[in-house]
Amino acid sequence: IANRGSVKPSGNFNSSADAEVLHKAMKGLGTDEDAILQLLTARSNVQRQEIKAAYKTLFGKDLVDNLKSELGGKFETLIVGLMTPPIMYDAKSLHDAIKGAGTDEKVLVEILASRTPEVVNAIKAAYKKEYDHDLEEDVSGDTSGHFKRLLVILLQVLFKAGEEKFGTDEQTFVTILGNRSAEHLRKVFDVYMKMAGYEMEESIKRETSGSLEDLLLAVVKCARSVPAYFAETLYYAMKGAGTDDNTLIRVMVSRSEVDMLDIRAAFRRLFSCSLHSMIKGDTGGDYRKALLLLCGGDDA
C-alpha cells in the first residue's frame, strides 16, 4: 500500500552522523531540543532504530535512556514514542492502559478498533514476548460484559461473518461487528440502513451506552474510514478546555508513517479548521514544534 504518512525515510541517511548530532545536542550543559526534534521527525522509525544502534556503538550508551534523562514532560513522551518500534508502541500502550490503576478503556478501544488484523496479530506476539503475558487474557481479566466480548473477538481476528440476524440487542451488535473485514461490514451497514431505516450508528447510540457504545461506534467508524476516525479522535482530544495529550501523542506518533495525509484531509473536511492550526493553538514549546513537524503541513 502507498505510504500516506507525513513522515518519510530520509534520502541520504547516515546513522552514525545522526547519532553524532544527537550526542552533541545532549552533551555538556543544556540540551539542544530543537536539533533533536528536527532530526527525529525527519527520519522514519526504521531509521531511528538504526540511529539507536549506531549511538550504542559510538558512545556505549542507550539513546532512549539518554533522551529520557535530558528531556521532560510531554515532549519527552512524544520523543520516546517516536523512538519506539510501531508494534512495540501499540503493545506498550495497551499494557500501560491495562496495568494502571483502573483500565484506560479509551486506549483499548482506539487500538483494537483501528488496527488491521495483521497488526493485531503482531501486537499480540510482541506483547507476549515483552511482558510474558497473554494480551487476550489481560484484556479479559480487566474488562467485563459485552465490551469484553467484543474486545476479545477483535483480538481473535475472526474473519468469518456471523449469521446476519438483525436484532437490536447488544449481543447482535457484538456478533456483527466482531467480523474484521471492513468491506464486509460496510455491506452490512447498507443492508441495516435499508432494513432499519436509519444508520447503524444511530441504532448503537440508542441501544447501548458507556464503553461498549464507544467501542461499537469506533468499530463502525473505522470500517467506514480509519482516517476520518482518527481526525475525529484528534479533534475531540483538543476541543474545549484542556487537551488530552496522551491521545494526541499516541495518534500523531502511530499514524505519522501510515495515513497522516489522509487524516489531515479528513480533518479539514469534517471540521472548520486544519489539523495544523488546531495543534498550533492548543500546544506550546518544543512539544508543539515536534507535533507540527509530524503533522507535516497546514491545509488552511
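As the structure is a prediction and not an experimental result, all values here were calculated from the model.

Looking at the pattern of salt bridges
Turning to step 1, where the next piece is worked out: All chains considered together, the criterion is met by 16 salt bridges.
Turning to step 2, where the next piece is worked out: The partner of arginine 224 in a salt bridge is glutamate 201, and the shortest N-O contact between them spans 2.7 Å. Here arginine 224 is found in helix α14 (residues 210–224), whereas its partner glutamate 201 is found in helix α13 (residues 200–207), with 23 residues between them in sequence.
Turning to step 3, where the next piece is worked out: Given the relative accessible area of 33%, arginine 224 is considered partly exposed.
Turning to step 4, where the next piece is worked out: Taking relative accessible area as the criterion, glutamate 201 reaches 15% and is therefore assigned buried.

Regarding the packing of aromatic side chains
Turning to step 1, where the next piece is worked out: Taken as a whole and judged by the stated rule, the model has seven aromatic pairs.
Turning to step 2, where the next piece is worked out: Considering the side-chain rings of tyrosine 235 and tyrosine 236, the 5.1 Å spacing of their centres and the 85° angle between planes classify their relative orientation as edge-to-face.
Turning to step 3, where the next piece is worked out: One aromatic cluster in this structure is built from Tyr235, Tyr236, Phe267 and Phe271.
Turning to step 4, where the next piece is worked out: A cation sits over an aromatic face here: arginine 206 above tyrosine 198, 4.0 Å from the ring centre.

Focus on the state of the cysteines
Turning to step 1, where the next piece is worked out: A full pass over the atoms with the stated rule returns zero disulfides.
Turning to step 2, where the next piece is worked out: Just so you know, cysteine 273 is unpaired, no disulfide at all, and the nearest cysteine sulfur is the one on cysteine 295, 11 Å from it.
Turning to step 3, where the next piece is worked out: Take cysteine 273: its relative accessible area is 23%, and that puts it in the partly exposed class.

Each value, and the rule that gives it
- Residues numbered from 1 in each chain as written.
- Predicted model: local features only at pLDDT ≥ 70, side-chain atom pairs only at ≥ 80, totals over all residues.
- Heavy atoms only, no water.
- Salt bridge = Lys/Arg side-chain N within 4 Å of Asp/Glu carboxyl O.
- Helix = DSSP H or I, 4+ residues; strand = E, 2+ residues; numbered from the N terminus.
- Buried < 20%, exposed > 50% of the residue type's maximum accessible area, 1.4 Å probe, protein only.
- Phe/Tyr/Trp six-rings, centres within 6.5 Å; stacked < 30°, edge-to-face > 60°.
- Lys NZ or Arg CZ within 6 Å of the ring centre and 35° of its normal.
- Disulfide = S-S within 2.5 Å.

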